[in-house]
2 protein chains.
Amino acid sequence: MNIKEFFDLSAGKWFSHRTSHHLAFQQFEDGKSDIVVEILATDRPEVIKLCQRYEISPSSAACSAKVTWNEIMEGNQKKDSGSSVLVSIPDVDNPNEGKFLQEIGSTKETSIIGRYKIGSDGALTLTTEYENVSAEERLWFASPNLRMRVRVLKRSDGFSTASFTSEIRMGGIPSTKKVSETANSAAS
Amino acid sequence: MNIKEFFDLSAGKWFSHRTSHHLAFQQFEDGKSDIVVEILATDRPEVIKLCQRYEISPSSAACSAKVTWNEIMEGNQKKDSGSSVLVSIPDVDNPNEGKFLQEIGSTKETSIIGRYKIGSDGALTLTTEYENVSAEERLWFASPNLRMRVRVLKRSDGFSTASFTSEIRMGGIPSTKKVSETANSAAS
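Everything in this summary refers to the structure shown in the same document. Only a predicted model underlies this, so the values are computations on that prediction, with no experimental measurement involved. (Residues numbered from 1 in each chain as written. Chains lettered and ligands numbered in written order. Predicted model: local features only at pLDDT ≥ 70, side-chain atom pairs only at ≥ 80, totals over all residues. Heavy atoms only, no water.)

Examining the pairing of strand E3 (residues 63–73) of chain B
Residues and elements named next belong to chain B. This is how it is decided: Paired strands, in this sense, are two strands between which DSSP finds at least two bridges. The helix and strand labels rest on DSSP assignments: H or I over at least four residues marks a helix, E over at least two residues marks a strand, and numbering proceeds from the N terminus.
The pairing of strand E2 (residues 27–40) with E3 spans 10 bridges and is classified as antiparallel. The residue bridging Ser33 from the neighbouring strand is Glu71, located in E3. Across 10 bridges, the pairing between E3 and strand E4 (residues 79–90) is antiparallel. Each residue of the ladder has a partner; that of Glu71, found in E4, is Asp80.

Laid out in structure tokens, this is it:
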């Protein structure tokens with residue numbers, strides 16, 4: 001698995017179920033979302049703009065994707081929707097590691113730069129440091145139709161959150177019955 | 001990290017928070033538990049008995065632990081308590097992989113045999129096949145005081161469960177205030 005193959009395998013429509021554990025408070029939050037991951041050509045204006053923000057040549061980008069989500073939180077029915085552009089910039093001497101750039105456009109537009117690494121087991125690890133937060137996220141495929149993500153956020157005041165997301169590929173199939181069938185096929 | 005170091009680092013008292021995602025039903029369950037992990041000498045009667053059940057020489061065991069839990073599920077306040085004995089039997093040619101044996105004693109006593117592997121990233125992966133279920137569990141330390149576990153169960157009828165457990169080391173400190181402090185120190 002290389003970074004481009006990981007992006008390609010992530011493309012499509014997913015049902016995403018996220019649970020966050022607030023470690024200090026022994027509490028949790030649960031949210032569900034439809035997610036669409038779309039591969040972007042690296043000569044697209046949003047990719048070029050994001051590279052230029054970090055003074056990186058867009059020609060060094062290996063791959064890019066746009067992620068769109070529409071999350072509903074359990075209980076309070078709070079909604080969060082937005083989209084994000086991701087760009088990977090492999091290291092010259094080792095393409096299994098490199099920089100990744102992310103632009104998040106929801107209420108206000110922000111961007112971050114971090115590092116990615118594809119492990120020998122095919123998992124993708126993303127690490128970022130921004131403001132007072134250090135984040136490490138591990139993403140991997142339990143099967144081609146079942147993606148897992150575990151993210152640990154450590155704030156400088158010591159409070160941490162660990163969140164787990166299971167994602168089932170839905171393709172273009174919208175009905176609940178079909179989702180259930182896809183969930184079953186995710187097991188195989 | 002080798003298997004013995006992983007067991008040693010796991011020893012102690014933990015606050016364990018588990019969330020299970022039932023993939024086909026888009027539902028979840030949440031449970032909290034105190035867990036005690038105690039290292040067992042490999043000449044203990046329960047270790048010898050478990051090895052003998054699988055016709056394995058107890059002298060080939062690398063390490064063993066006893067895990068005791070006391071879980072309360074969210075909502076219905078359903079309780080589950082029990083204990084489990086784990087034994088690792090490294091392969092002769094590669095001690096980073098091997099068999100693991102587990103005896104689970106709660107309402108009825110059952111035992112299983114599976115495979116373990118310590119990855120180059122220090123994570124422990126356990127795989128088992130029993131009756132109609134195939135299970136893969138990945139355990140790793142986000143920090144010495146914060147352990148993560150992700151388990152995927154695939155049943156032969158196609159229904160899958162993915163569960164995530166975050167575990168914070170508590171040492172011998174019982175009060176909530178102290179747990180909170182430990183959770184904070186887990187971030188460092």
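Observations regarding the environment of Phe7 of chain A
Residue and element names in this part refer to chain A. Here is the rule: Three exposure classes are used, based on accessible area relative to the maximum for each residue type with a 1.4 Å probe and protein chains only: buried under 20%, partly exposed in between, and exposed over 50%.
Looking at the element boundaries, Phe7 is found in helix H1 (residues 3–10). A relative accessible area of 11% means that Phe7 is categorised as buried. In this structure, the C-alpha to C-alpha distance between Phe7 and Leu146, residues 139 residues apart in sequence, is 14 Å.

Section: the interface of chain A and chain B
In plain terms, the rule: Working rule for contacts: check all heavy atoms of both residues, and any pair within 4.5 Å makes them a contact. Note on terms: buried area is the combined drop in 1.4 Å-probe accessible area of two parts once they are placed together, counting the loss on both. Any Lys or Arg side-chain nitrogen found within 4 Å of a carboxyl oxygen on Asp or Glu counts as a salt bridge. Nitrogen and oxygen atoms within 3.5 Å of one another constitute a polar contact, given that in protein one can donate a hydrogen and the other can accept it, and given that sequence-neighbouring residues count only through two side-chain atoms.
On the side of chain B, 37 residues touch chain A, which itself brings 37 residues to the contact. Across the interface of chain A and chain B, roughly 3100 Å² is buried in total on both sides, 64% from carbon and sulfur atoms. Put simply, chain A and chain B have zero salt bridges between them. Connecting chain A to chain B are six residue pairs in polar contact (both at pLDDT 80 or more). Only strand E1 (12–22), strand E2 (27–40), strand E8 (133–143), strand E9 (146–155), strand E10 (160–169) and helix H3 (176–185) of chain A provide two or more residues apiece to the side of chain A that touches chain B.

Side note on the packing of aromatic side chains
What counts, and what does not: Aromatic rings from Phe, Tyr and Trp, taking only the six-membered ring of Trp, are treated as a pair when their centres fall within 6.5 Å; an angle between ring planes under 30 degrees marks them as stacked, one over 60 as edge-to-face, and anything in between as tilted.
Applying the stated criterion across every chain, the model contains seven aromatic pairs over all chains. Ring centres of Trp140 of chain A and Trp140 of chain B lie 6.5 Å apart, and the angle between their planes is 90 degrees; on these two criteria the pair is classed as edge-to-face. Linking Trp140 of chain A in strand E8 with Trp140 of chain B in strand E8 (residues 133–143), this pair reaches from one chain into another. As far as burial versus exposure is concerned, Trp140 of chain A and Trp140 of chain B are alike and both buried.

With respect to the relation of the copies chain A and chain B
To go from the first copy of the chain to the second, apply a rotation about an axis and then a shift along the same axis. Heads up, the condition is: Only residues with pLDDT of at least 70 in both copies contribute their C-alpha atoms to the least-squares superposition of the copies.
Mapping chain A onto chain B calls for a rotation angle of 180 degrees and an axial translation of 0.0 Å; the resulting RMSD is 0.0 Å. What the rotation and shift describe, once combined, is the action of a two-fold rotation axis. For chain A, the residue whose C-alpha comes nearest the rotation axis is Phe164 of chain A, separated from it by 3.2 Å. Taken as a fraction of all interface residues of chain A, those also at the interface in chain B reach 100%, which identifies the copy contact as same-surface.

A few points about the pairing of strand E5 (residues 97–105) of chain A
Residue and element names in this part refer to chain A. Direction of pairing for strand E4 (residues 79–90) relative to E5: antiparallel, over a ladder of eight bridges. The residue of E5 that forms the bridge with Ser88 is Phe100. Between E4 and the antiparallel strand that follows it, E5, lie six residues.

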